[in-house]
Amino acid sequence: MDRDGRSYRDQQEYAFPSEIDGTAYTGLTRRDWLAGMALSGLSAINVSHNGAENLAKMCYERADALIKEGKKNG
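Residues numbered from 1 in each chain as written. Predicted model: local features only at pLDDT ≥ 70, side-chain atom pairs only at ≥ 80, totals over all residues. Heavy atoms only, no water.

(A) Molecular detail of a nonpolar patch on the surface. Taken together, the side chains of Phe16, Leu28, Trp33 and Met37 make up a nonpolar region of the molecular surface, amounting to roughly 420 Å² of accessible area. Structurally, leucine 28 is set in the loop between β2 (23–25) and α1 (30–44). (Patch = residues over 30% accessible without salt bridge, like charges linked within 9 Å, V, L, I, M, F, W, Y side chains within 5 Å. Areas by Shrake-Rupley, 256 points an atom, 1.4 Å probe, with all protein chains shown as cover. Salt bridge = Lys/Arg side-chain N within 4 Å of Asp/Glu carboxyl O. Helix = DSSP H or I, 4+ residues; strand = E, 2+ residues; numbered from the N terminus.)

The following block contains the structure:
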């Protein structure tokens, strides 16, 4: 349980929350995990990105879009 008494399994803000022997582990946020997945995909197809900072921005933009779309569809 988190500080507010919510089970981590019920929360959507973390990619892989878990609880082991009463200790909560949050891990990556969904946003960070989705950005990492975008990084993997964009790197695989050699997208032109003009530097690491721009590539990171592209990845987080895609993660944010996925989260926003997911909230619209329930």
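There's plenty left to go through after this.
(B) Region of the structure containing the pattern of salt bridges. Inspection of the entire model under this criterion finds two salt bridges. A salt bridge links aspartate 64 to arginine 31; the shortest N-O distance between them is 2.5 Å. Taken together, the residues span a long stretch of sequence, with aspartate 64 in helix α2 (residues 52–72) and arginine 31 in helix α1 at a distance of 33 residues. By relative accessible area, aspartate 64 is classed as partly exposed at 33%. Here arginine 31 falls in the partly exposed class, since its relative accessible area comes to 36%. In this structure, glutamate 69 and lysine 72 form a salt bridge, with 3.2 Å as the shortest nitrogen-oxygen distance. Taken together, the positions of glutamate 69 and lysine 72, both in helix α2 and three residues apart, correspond to about one turn of that helix. When its relative accessible area of 60% is taken as the criterion, lysine 72 is described as exposed. (Buried < 20%, exposed > 50% of the residue type's maximum accessible area, 1.4 Å probe, protein only.)

(C) Structural view of α1. Compared with an ideal rise of 1.5 Å per residue, which puts 15 residues at 21 Å, α1 spans 21 Å between its outermost C-alpha atoms and is within 8% of the ideal. On the buried face of α1, the contacting elements are α2. Trailing α1 by a residue or two, asparagine 46 shows a phi angle of about 50°, which is positive. (Expected span 1.5 Å × (residues − 1). Contact = heavy atoms within 4.5 Å.)

(D) Molecular detail of the environment of leucine 55. For leucine 55, the position within the fold is in helix α2. Given the relative accessible area of 11%, leucine 55 is considered buried. Separated by 13 residues in sequence, leucine 55 and leucine 42 place their C-alpha atoms 8.5 Å apart. Look past the residues within four positions of leucine 55 in its chain and what remains in contact with it is Leu39, Leu42 and His49.

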